[in-house]
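Analysis of the macromolecular model
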Amino acid sequence: MTQSSPVPRPGSVSGWVHSVETGGTVDGPGIRYVLFMSGCPLRCLYCHNPDTQHMHDGTRTTSAEVLDDIALYATFLQRAHGGLTLSGGEPLVQPEFTAAILRGAKALGLHTALDTSGFLGNHADDHLLEDVDLVLLDIKAFSEKTYRQLTGVPLRPTLEFAERLAGLNKRIWLRYVLVPNLTDGAAEIDGLAEFVAGLGVVDRVDVLPFHKMGEHKWKALGRKYMLTDTEPPSRELVERVRGQFQARGLRAD
C-alpha cells in the first residue's frame, strides 16, 4: 500500500456501502479498487449479491472516508493501469454519493468505471458522467417480456441510457449474462448485437456464463432462489452467443 498525497475533499456526501475489493481484475482495465454500493431497484433472478438490494443493509459512510481509503492505493492503481470501479448493487441509487466519489477519484488521477444496469440512467447527470471514463453496462435481455421476467423492471430506460452514452461518446463494455432457456434466444441476441453495434462506442462484449455462486446468499436471507434447477450454459452455447456479437463486428469475450 502506498500513501498518496492528500487531495482536497470539496464536500463530503453520506452514503451506504456494501463492501470493497482492492485487487479487482474483472471490473474494468488493469487492477481496480471496486466499491460495491448498497441499493438496487432490480430484482434479477440470478442476482449473486441479493444482500446489496436494500440500501440501508449496507454500512453508512461518507465520500470523504471512501476517498481517503482509495487514496492509499492510488499510486499502485496507476502503476497497474487500473483505477476505481463503482459497482453494487446499483451506484445510481445514490447519485450524489456516486458523483462525489467519482470527482474525488479523478482528482487522484484515477481511471474511473461505472458498473450499472442503466435503469436509473436519468439519475446520472452530465456532470456525473464527465467523471466516468468507462461504463460497464449490464443489458440483461433484449425483449421487454424477458427483461421484465428477469429483473422486474422495464427495459426501455436502459436502452435510452445506452443511446445517451453513445451521444456523449462515452466508452462502454457491455455485459451479458447468458442463462440457458432464459437469455439464450438467438433472435433476441441478434437484436441486441445489432443495437449494440449501432451505438458505435462499445469496445467489448463480455458474455458471462450463468452461475449459482450466490445461491447460498438467497438461502441465508430466507428467500427462494428461482434458478436452482438451471445449469450453467455449455461451452458450445457460450461460443455461439459470442459468435453472434462478433458477426456484428464486436469484440466478444
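Residues numbered from 1 in each chain as written. Predicted model: local features only at pLDDT ≥ 70, side-chain atom pairs only at ≥ 80, totals over all residues. Heavy atoms only, no water.

Attention now goes to the packing of aromatic side chains. Summed over all chains, the structure comprises four aromatic pairs. A centroid spacing of 5.7 Å and a plane angle of 40° characterise the contact between Phe-142 and Phe-195, whose relative ring orientation is tilted. Residue Phe-142 is located in the loop between strand E6 (134–138) and helix H4 (144–151), and its partner Phe-195 is located in helix H6 (residues 186–199); the two are separated by 53 residues in the primary sequence. The class of Phe-142 is partly exposed, set by a relative accessible area of 23%. A relative accessible area of 16% means that Phe-195 is categorised as buried. Plain terms: the ring middles of Tyr-176 and Phe-245 are 6.2 Å apart, the flat faces sit at 65° to each other, and that makes the pair edge-to-face. Placement of the pair is Tyr-176 in strand E7 (residues 171–178) and Phe-245 in helix H8 (residues 235–246), with a sequence separation of 69 residues. Residue class for Phe-245 comes out buried when judged on its relative accessible area of 0%. In this arrangement the basic side chain of Arg-204 is found over the ring face of Trp-173, its NZ or CZ atom lying 4.2 Å from the centre. (Phe/Tyr/Trp six-rings, centres within 6.5 Å; stacked < 30°, edge-to-face > 60°. Helix = DSSP H or I, 4+ residues; strand = E, 2+ residues; numbered from the N terminus. Buried < 20%, exposed > 50% of the residue type's maximum accessible area, 1.4 Å probe, protein only. Lys NZ or Arg CZ within 6 Å of the ring centre and 35° of its normal.)

What follows covers the packing of helix H1 (residues 63–79) against helix H2 (residues 95–107). Close contact between H1 and H2 brings their axes to 9 Å; oriented N to C, the two are set at 35°. For the element pair H1 and H2, the recorded crossing hand is right-handed. Across the interface between the two elements, Ser-63, Val-66, Leu-67 and Ile-70 of H1 pack against Phe-97, Ala-100, Ile-101, Gly-104 and Ala-105 of H2. The residue makeup of the contact of H1 with H2, split by class, is seven nonpolar, two polar and no charged. (Axes fitted to C-alpha atoms, helices over the stretch in contact; angles between N-to-C directions. Left-handed = near helix turned anticlockwise from the far one by under 90°. Contact = heavy atoms within 4.5 Å. Nonpolar A, V, L, I, M, F, W, Y, C, P; charged D, E, K, R; others polar.)

Reading across from one edge, E3-E1-E2-E4-E5-E6-E7-E8 is the order of the eight strands in this open sheet, with mixed pairing throughout. Both outer strands of the open sheet, strand E3 (59–62) and strand E8 (202–209), are each paired with one neighbouring strand and no more. Across this sheet, the average inter-strand angle for adjacent strands is 30°, counted without regard to direction. As paired strands, E6 and E7 are joined by five bridges and run parallel to one another. The residue bridging Leu-136 from the neighbouring strand is Trp-173, located in E7. Across the face of the sheet, helix H5 (residues 156–167) comes into contact with strand E5 (111–116), E6 and E7 while running at roughly 155° to E6. (Pairing = 2+ DSSP bridges.)

Pairing geometry for strand E1 (residues 14–24) and E3, over four bridges, is antiparallel. Among the inter-strand pairings, Ser-14 is bridged to a residue of E3, identified as Thr-62. The pairing of E1 with strand E2 (residues 32–37) spans five bridges and is antiparallel. Residue Glu-21 lies in a different strand from E2, and its bridge partner there is Val-34.

The analysis is restricted to geometry; functional conclusions fall outside its scope.
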